[in-house]
Structure formats: C-alpha cells, structure tokens
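# Reading the structure
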Amino acid sequence: MSHSASPRRVLLKLSGEALMGTGDFGIDPAVLGRLARDIAGLAREGIQFGVVIGGGNIFRGAGLAGGGFDRVRGDQIGMLATVMNGLAMQDHLLREGVEARTLSAFRIDTVCEPYSRDLAVSHLEAGRVVMLTGGTGNPYFTTDSAASLRAIEIGADLMIKATKVDGVYSADPEKDPDAEFYPRLSYDRILAEGLGVMDATAVVLCKENGMPLRVMNINEPDALRRVMQGEEVGTLVTGDDG
C-alpha cells in the first residue's frame, strides 16, 4: 500500500448529512454542487476518486429499527438511499464536465452498473469518478465499513472521511471547549479509547490492511486540494501514534 505524500487514488467517504447543508432532510443542490466542483477539479488533474456517500439525509434504518421496523428491511431502504445520493453526485460531476459512473453493491441494472472490483478499477484508470453505492450489499454494515472495504479493494492510497469537524478530538469540541485535537492517531488508540471516528468494523478493516485514513472538515475551503498536495489537514490515522 502506497503511503505517498500526494495520493493518486483516493476513497472519499461523505456522510449523507453532509449533503443537507443547513436543511434537516434531503440534498442541498448548492452543497452538492460545491463538493462536485472540488472533486471534479482534482479529477481533471489526474487524481482518481472512488466516492462512498451515506444515506442518512434520506433514510435512517437504525432509527426505525427501534420502533419495531424490521432491521434488514430498514438497512435495505438505507442502501437504496445511498444509490440516490450517488446518482445525484454523478449528475453534478457530469455537469462539471467530468466522466462519472455509479456502481451499486446490489443489482439495479436499469439505474446504474453492478459493482465489481475490476469494473471499478477500470473506470478509475480511465479517469472516471466512481460512486460506490449500496453499502456492502448486506444489512448490519455501515457505509463506513463499506468505505473501508472499497478503499482496500480498489487499492486506494488513502481513505478520507469527510466530516463537519476539523478532525478527531478527545471529546465533542462543540460540547467540550477543552477537547484535545489529535493531529495523528493509531487505529489501536481509536479502538481502545472508543473515539467515534468510524465504527469498529471499519477501523479494524483499515488497520488489518494498512489503509491510512484522514479525517477532515469537508466544509473548509480548499481542504480536499490541500490533502491531495500532501498537507497535514485534519487527523491522520495509521498503524502507529508517531
């Protein structure tokens, strides 16, 4: 696995909530447009992007499960929501003049292509941005776990988890003004201290496969470009605390 300062193939994990902007539901076209422009600009410079977007802006299966809703069905609806977000991002990227494809972990052939590792890599190598949707195709797995899995499968140099905060803190910085910012962390420390970066399955996948993870604020101007240029933006998570 390459740990180059300037990654060439990246898996970008966006939360569905990141697409809502100031709303409390759905997709804000202005936010989606800004993200698409950021990705398109870098894609034109030769950086290969796989993108995993959650579905929480449209549907949250876990919330309904608490009210007696069938968990498997809820997760399936949530996975469909990620396809909707992926198609919306694909549309905006195409408007920016960048080729993009949406691949789904479950078959939905009249809407997008079925996911396979080889197909995803061939699209990336052809310069297309690839939306990797449908989670893992299985219930009980988060889109964080799907992102870790896809990052490893496509041989990404780096996985980026785009959030609304500047990186990883010892506590929620919005609630605790004394929360400590961590510029670098190990997977083991995240697991030991229960730092809510990603769920444990996703963290363990990254750890066991040597996938470096950068947690950063997607709303910060030019943050994505600065990461691509090798700058220390947000928190870098690797196999050691160094």
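Here's a quick rundown of the structure. Quick caveat: nothing in here was measured; it's all calculated off a predicted structure.

Let's shift gears to the side chain of His 92. The topology assignment puts His 92 in helix α3 (residues 71-95). Overall, the relative accessible area of 14% leaves His 92 in the buried class.

To continue, consider the side chain of Asn 85. Looking at the secondary structure, you find Asn 85 in helix α3. The class of Asn 85 is buried, set by a relative accessible area of 0%. Setting aside residues up to four positions removed in sequence, Asn 85 forms contacts with Gly 16, Leu 19, Ile 27, Ile 53, Gly 54, Gly 55, Asn 57 and Ile 58.

Quick look at the nonpolar core now. The biggest cluster of nonpolar side chains holds 34 residues, and the ones touching the most others in it are Phe 49, Met 89 and Val 129. Listing elements by their share of this core, those giving two or more residues are β1 (9-14), α1 (29-44), β2 (48-53), α3, β5 (129-133), β6 (158-163) and α8 (223-228). Looking at this core, the element that brings in the most residues is α1, giving eight residues. Setting aside chain neighbours within four positions, we find Met 89 in contact with Leu 14, Leu 32, Leu 35, Ala 36, Ile 39, Ile 53 and Met 131.

On to the packing of aromatic side chains, then. The relative placement of two aromatic rings is captured by the distance of their centres and the angle of their planes. All chains considered together, the criterion is met by two aromatic pairs. A cation over a ring is seen here: Arg 150 above Tyr 115, with NZ or CZ 3.8 Å from the ring centre. The ring of Tyr 182 has Arg 189 lying over it, and the distance from NZ or CZ to the ring centre is 4.6 Å.

Thresholds, definitions, all that
- Residues numbered from 1 in each chain as written.
- Predicted model: local features only at pLDDT ≥ 70, side-chain atom pairs only at ≥ 80, totals over all residues.
- Heavy atoms only, no water.
- Helix = DSSP H or I, 4+ residues; strand = E, 2+ residues; numbered from the N terminus.
- Buried < 20%, exposed > 50% of the residue type's maximum accessible area, 1.4 Å probe, protein only.
- Contact = heavy atoms within 4.5 Å.
- Core = buried A, V, L, I, M, F, W, Y, C linked by side-chain atoms within 4.5 Å.
- Phe/Tyr/Trp six-rings, centres within 6.5 Å; stacked < 30°, edge-to-face > 60°.
- Lys NZ or Arg CZ within 6 Å of the ring centre and 35° of its normal.

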